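These are the residues of each chain, in order.
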Amino acid sequence: MSAAEKPNAIIRRRRRELVVGAVLLLALALLPLPIDNVYLRGLMVLMLLYAGLSQGWNILGGYCGQISLGHAVYFGIGAYTSAMLFTTLGIPSTLGMFAGGALAALAALLVGWPCFRLSGHYYAIATLVVSMMVLLLMTNWDFVNAAMGITIPFRAESWIQLQFRVAVLPFHYVMLAYAAVAWLIAWVVEGSRWGFIWRAVKDDVTAAQSLAVRVFPSKMAAAAISGGITGVGGALYTQYVGFIDSESGFGLPLSVLIALPAVVGGVGTLWGPFLGAAVLIPVQQLTVAWLGSAGNGIDLMIYGALIMSLALLRPQGLVSLFGVRSQAGGDVTVGEEVVGETAEAEVVDNA
Amino acid sequence: MSAAIIAQVAIGGLLMGLVYALVAAGLSLIFGLMDVVNFAHGELLMLAMYATLTLHQAIGLDPLVQLPLVAMLLFGVGVAIYRGLIARALGIRFNTGMAQVFVTFGLSIFLVGTAQLVFGSDFRAITDGVLSNQTLALGKIVLPLSQVAAGLVCLLAFAALVLISRTEFGRALEATREDRDAVALIGIDRDKVFSIGWGIGAATVGIAGVMLANFYYISPTVGANFALIAYVTVALGGFGSLLGALIAGVLVGLVEAMTALFIDPSLKQVGIFAIYVMVLMVRPRGLFGRL
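Note that this is a predicted model, so its numbers are computed, not measured.

**Q** Hey, could you go over the overall build of chain A for me, with residue numbers and the actual values?
**A** Looking only at helices and strands, chain A features 14 helices and two strands. Out of the 351 residues belonging to chain A, those deemed buried represent 50%.

Rendered as structure tokens:
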């Protein structure tokens, strides 16, 4: 259990995580070089993007325990802001993505203000409803081309504009940087005062309040950081794909896909979103590529069945396979973890 | 815009609101009972509509005659979902809330895929039922008979739901809702109550689905829209409150119809969502929600 660790042990563990992170960063930077297959490289770009997006979701959904089913809103706002700045004013997306991230963070505060009055499922539903409302408004808003969406015109091969004739390899590094920054933010946050406050809010709101934790501001802070990270990801995605419309920017499937890697990998853990994205994105992309082209729904069946079985069989996430414990569950003692394991073993037996 | 048109749209919205109310009641029942939000609720509706379509095309049964059949079928589906998935999700000790949300989410995606595989993605409709293409004229107000029937049947089903809540079983439901551990001491089988609760929740959606199939298009993704409205309705009326679901359902139907008439048909749901957000600010637990 983390609270039982000696302070030195915690510092050592956090240093070790930084080292592992650096090694992984180097490995991922070298990985695409020997792989000449464009499809595989594209898959890695998406995996890194969703690892970063889901790390953003993880800050609010994992560490702070507020299950948001509307993160597509922040993705879409980031995407549209950067796309509009680029197409109308010619502002390069290296700047536009920060504007998008800032606006998305602001939107997260705006959504959080009414929604954080609710807790648990009520909050999840509120975020879902807000995202559907924004989707409808965007689909009908002529200023942003309504349902037609925005196409990013190719202007010049440039790192400042983030435009490349062959985008897959440069974007591997763009998305790697994005995922690495998202990871680093989560790492900093995990050890910060906010991190402890969020875990307290997640575990027991009443107890946290009795210890003078101001719950509402702490949730708002988590929402802003989370929304900001997601917004930057939306801007990068748009620049990579060259197109954004209301459904691909604000739709419910996107909200689910942002949340899922963290849920599958392990909510409230540093590595969960990465692991989840590494498993989920290939499965999702490959089933669509192999089976979905016929439009017969088998891809959706596999995807749905995978979500169901992972949620039931590995509720603590895939990171548990590597012996990593959730840092978010402060009350998870070693004894309870054993109980958790047996409960899960029972589930497997029943299945 | 004449008063007759406004009245006609208002009555149409009211009738649709009754359907929304019944769909929401099933969701609310399950939520109130065991604190589980069924994110596959809309897909149960879709399932009921396809069942109606299939029975209609295969053996020529009119949707109206199918009501008890499809309701029973959906009851079975509800029990199966509880036994197969929800009971297991409730037994999980890690991230229980998260597991429940994503189990039902996964189920909804799975069911949409299944429907696409079996029925294809085309929009279908029942055009030769007893109620198809019939209208009911009240002076200048002309209403499709299928919608009037849908509203009335849903109201009746709602009344039945209220009656069930007054029976011995209804009291067992209420007791289980109050304290799911203590009921075991007075001889109530919690698992049985939960699975019957899921059965009834799904059966009410089944009834709504049959009546909708009479006049609404049928597609694998038709449920998403209704589910979203059901979440709003339940949150507006207050989770676990039957009366709240009824009043909020009618309110949602009316607001939707009026937004479509006075502002823009493509924005009709924005009106609903706006009402929801407003109520959220003033009264987070909904109009009739218990704390």
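**Q** Could you give me a rundown of the overall build of chain B, with the residues and numbers involved?
**A** Scanning chain B for helices and strands turns up 10 helices and two strands. Ordered by position in the sequence, the α and β elements of chain B form the string α-α-α-α-β-β-α-α-α-α-α-α. Taking 19 Å as the expected radius of gyration for a compact globule of 291 residues, we find that chain B reaches 19 Å, a close match to that expectation. Along the first, second and third principal axes, the C-alpha atoms of chain B reach 60 × 50 × 35 Å. Of the contacts made within chain B by residues no fewer than 6 positions apart, 78% connect residues no fewer than 24 positions apart.

**Q** Can you tell me about the packing of helix α2 (residues 38–63) of chain A against helix α11 (residues 252–265) of chain A, naming the residues and giving the values?
**A** Residue and element names in this part refer to chain A. Contact geometry for α2 and α11: axes closest at 8 Å, N-to-C directions at 80°. It follows that α2 is roughly perpendicular to α11 by the angle criterion. Of the residues in α11, those touching α2 at Tyr50, Ala51, Leu53, Ser54, Trp57, Asn58, Gly61 and Gly62 are Leu257, Ile258, Ala259, Pro261 and Ala262. Looking at the contact of α2 with α11 residue by residue, the classes come out as nine nonpolar, four polar and no charged.

**Q** Just give me the short version of the nonpolar core, but keep the residues and values in it.
**A** Counting 217 residues, the largest nonpolar core has Val129(A), Val19(B), Ala21(B), Leu22(B), Val23(B), Cys154(B) and Val232(B) as the members making the most contacts within it. Excluding its chain neighbours within four sequence positions, the residues that come into contact with Ala21(B) are Cys154(B), Phe158(B), Thr233(B), Ala245(B), Leu246(B), Gly249(B) and Val250(B).

**Q** Account for the interface of chain B and chain A, naming residues and giving values.
**A** Taken together, the contact between chain B and chain A spans 41 residues of the former and 41 residues of the latter. Counting only elements with at least two residues in the side of chain B that touches chain A, the list comes to α3 (63–90), α4 (96–119), α8 (222–237) and α10 (268–282) of chain B. The dominant element in the side of chain B that touches chain A, judged by the number of residues it contributes, is α4(B), at 17 residues. Of the residues in the side of chain B that touches chain A, the class split is 29 nonpolar, 10 polar and two charged.

**Q** Explain the packing of helix α2 (residues 41–59) of chain B against α3(B) residue by residue, including any values.
**A** When two helices pack together, their arrangement is given by the angle between the helix axes and the distance between those axes. Residues and elements named next belong to chain B. Across the interface, α2 lies against α3 with an axial gap of 10 Å and an inter-helix angle of 135°. On the basis of their axis angle, the class for α2 and α3 is oblique. You can see that α2 and α3 cross each other, and the crossing is right-handed. Seen from α2, the contacting residues are Leu44, Leu47, Ala48, Ala51, Thr52, Leu55 and His56; seen from α3, they are Pro63, Gln66, Leu69, Val70, Leu73, Leu74 and Val77. In terms of residue class, the contact of α2 with α3 is made up of 11 nonpolar, three polar and no charged.

**Q** Account for the environment of Ile207(B), naming residues and giving values.
**A** Residue and element names in this part refer to chain B. Its place among the elements puts Ile207 in helix α7 (residues 190–213). Exposure remark for Ile207: the 27 C-beta atoms within 10 Å place this residue in the buried category. Each C-alpha atom, one on Ile207 and one on Gln66, is 9.3 Å from the other, the two residues being 141 residues apart in sequence.

**Q** Account for the environment of Gly12(B), with residues named and values stated.
**A** All names here are of chain B. The residue Gly12 is located in helix α1 (residues 3–34) in this model. On the neighbour-count criterion, Gly12 (22 C-beta atoms within 10 Å) is buried. Along the backbone, Gly12 and Asp179 are 167 residues apart, and their C-alpha atoms lie at a distance of 41 Å. With residues up to four places along the chain from it excluded, the contact list for Gly12 reads Leu143, Gln147 and Ala257.

**Q** Quick rundown of the environment of Ile86(B)? Include the residues and the values.
**A** Residues and elements named next belong to chain B. Structurally, Ile86 is set in helix α3. Once the C-alpha coordinates of Ile86 and Ala203 are considered, the two residues, 117 residues apart in sequence, prove to be 17 Å apart. Setting aside its immediate chain neighbours within four residues, Ile86 contacts Val36, Ile81 and Trp198.

**Q** Hey, could you go over the pairing of strand β2 (residues 141–144) of chain B for me, with residue numbers and the actual values?
**A** All names here are of chain B. Taken together, the four bridges between strand β1 (residues 135–138) and β2 define a ladder with antiparallel strand orientation. Pairing of Leu136 across the sheet is with Leu143, part of β2. From the end of β1 to the start of β2, which pair antiparallel, there are two residues, and Gly139 there has a positive phi angle of about 65°.

**Q** Before we move on, could you go through α2(A) and cite the residues and values that matter?
**A** Residue and element names in this part refer to chain A. With 26 residues, α2 should reach 38 Å at 1.5 Å per residue; the first-to-last C-alpha distance of 36 Å fits that figure. Most pronounced at Trp57, the bend in α2 amounts to some 40°. Most of α2 is tucked away, with 19 of its 26 residues classed as buried. One or two steps after α2, the chain reaches Gly65, where phi turns positive at roughly 75°.

**Q** If you had to explain unusual backbone geometry to someone new, which residues and values would you point to?
**A** Of note, Asp35(B) is a non-glycine position whose phi angle comes to about 60°, a positive value. As for its position among the elements, Asp35(B) is in the loop between α1 and α2.

Conventions adopted
- Residues numbered from 1 in each chain as written.
- Chains lettered and ligands numbered in written order.
- Predicted model: local features only at pLDDT ≥ 70, side-chain atom pairs only at ≥ 80, totals over all residues.
- Helix = DSSP H or I, 4+ residues; strand = E, 2+ residues; numbered from the N terminus.
- Buried ≥ 20, exposed ≤ 12 C-beta atoms within 10 Å, placed from the backbone.
- Rg over C-alpha atoms; globule rule 2.2 N^0.38 Å.
- Contact = placed C-beta atoms within 7 Å.
- Axes fitted to C-alpha atoms, helices over the stretch in contact; angles between N-to-C directions.
- Parallel < 35°, antiparallel > 145°, perpendicular 65-115°, else oblique.
- Nonpolar A, V, L, I, M, F, W, Y, C, P; charged D, E, K, R; others polar.
- Core = buried A, V, L, I, M, F, W, Y, C linked by C-beta atoms within 7 Å.
- Left-handed = near helix turned anticlockwise from the far one by under 90°.
- Pairing = 2+ DSSP bridges.
- Expected span 1.5 Å × (residues − 1).
- Bend = angle between axes of the 7 residues up to and from the residue.

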